[in-house]
Amino acid sequence: MRKPLTIAVAQPPCVSYDVAANAIAHAATVRSAGAPVVVFPELSLTGYELDAPAITTDDSRLTPLIAACAETGSLALAGAPVTGEARRAHIGMLAVDGSGATVVYHKLWLGAVEAQRFSPGGAPAVFDVDGWRLGLAICKDTGVPQHALDTAALGMDVYVAAVLESVDDAAVQDERARRVAANHGVWVALASFAGSTGGGYAQAAGGSAIWNSDGVAVTRAGPETGAIARATLL
C-alpha cells in the first residue's frame, strides 16, 4: 500500500540573479520544512529575471541545496532558466536531491514576454515520488485547462505548480487550483513567490497552499516572505 506523502510549498526570500544566495536560502527552507518534497516558485533560483543566464545541473552553486537534501532525505523542486535540446532556452523545473540535480520539466505555456527569450517545452511531465505521481506545472500552465488535462492523461495524483502572481492577482491561484482539483480529482500543491522577485514584481502574492481532491485548501501560507505550508497527502 502507498504511504502518505508530506509536501511543503515554500516562498523563500529571493535575490535577483544571485543563484548562490538563493540556493542557500532554498537549503535553509528544506531543512526547516520537515517534508520529503519541498516545492519552490517559478524561477526561484534566479528570481523572475528573464535575462538571467541558464543554470546547468552540475552548477556548483547548487551544492548547499544538494547538501540540505542529503541531510534531510528531501526532494526539492526548484525553478530556473535551463537549456534544452538544440540549445533552446526554457523555463525549467529542477528536481534536486542528495545525489544532485536533474531537469524534470520545461514550461509549456509561456507569457508573451517570456516567449521573446524562451521556447515552450515539448510535453507534459509527471515525476514519481514514493508511489505518488506528481504532475508538473509552471505558472501560466495552471491557467490553461488543456495542460492539466494532458498531464492527467499521464496518470497523476498531485498537480504540483510553481507560480508567480502579483499581490493584486492572488485570487487567481485559488481559482485555478480548485478547478484542477474538481476536474481531475487530484491534490494540488502550489508554491507562490512572496515579496520582491525581480522582473517588475515588487510585491508577489505569496499564499502558497495545498488543496485536497475536493478542492478544499487544507493548508495555506500567508503573504510574507519565508513562509512555508505543508500537508500530508493520504
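Residues numbered from 1 in each chain as written. Predicted model: local features only at pLDDT ≥ 70, side-chain atom pairs only at ≥ 80, totals over all residues. Heavy atoms only, no water.

Caption draft 1: Molecular detail of the layout of surface pockets. Of the pockets and cavities examined, the largest pocket occupies roughly 160 Å³. Lining the largest pocket are E42, Y48, K107, G111, E114, C139, K140, L164, E165, R176 and Y201. In terms of residue class, the lining of the largest pocket is built from four nonpolar, one polar and six charged. (1 Å grid on protein atoms, 1.4 Å probe; cavity = no way out; pocket = protein on both sides within 12 Å on 5 of 7 lines; lining within 4 Å. Points joined across faces, edges and corners; volume = space filled by probe spheres on them. Nonpolar A, V, L, I, M, F, W, Y, C, P; charged D, E, K, R; others polar.)

Caption draft 2: The arrangement of the sheet that holds strand β6 (residues 126-129) in detail. The sheet built from six strands is open, its strands ordered β6-β7-β8-β9-β12-β13 with mixed pairing. One side of each edge strand has no neighbouring strand; the edge strands of this open sheet are β6 and β13 (217-220). Going across the sheet, the axis of each strand differs from the next one's by a mean of 20 degrees, ignoring polarity. Here five bridges tie strand β7 (residues 132-138) to strand β8 (residues 158-163), and the two strands are oriented parallel to one another. Bridge pairing links A137 to A161 in β8. In the packing of helix α3 (residues 145-152) onto the sheet, the strands contacted are β6, β7 and β8, and the crossing angle to β7 comes to about 155 degrees. (Pairing = 2+ DSSP bridges. Helix = DSSP H or I, 4+ residues; strand = E, 2+ residues; numbered from the N terminus. Axes fitted to C-alpha atoms, helices over the stretch in contact; angles between N-to-C directions. Contact = heavy atoms within 4.5 Å.)

Caption draft 3: Here's a closer look at the side chain of E42. Along the chain, E42 falls in the loop between β2 (37-39) and α2 (63-72). The class for E42 is buried, based on a relative accessible area of 2%. Ignoring anything within four residues of it in the chain, the contact list for E42 reads Y48, I91, K107, E114, I138, C139, A162, V163, L164 and F193. (Buried < 20%, exposed > 50% of the residue type's maximum accessible area, 1.4 Å probe, protein only.)

In short, the description is geometric, and any link to function would need to be established separately.
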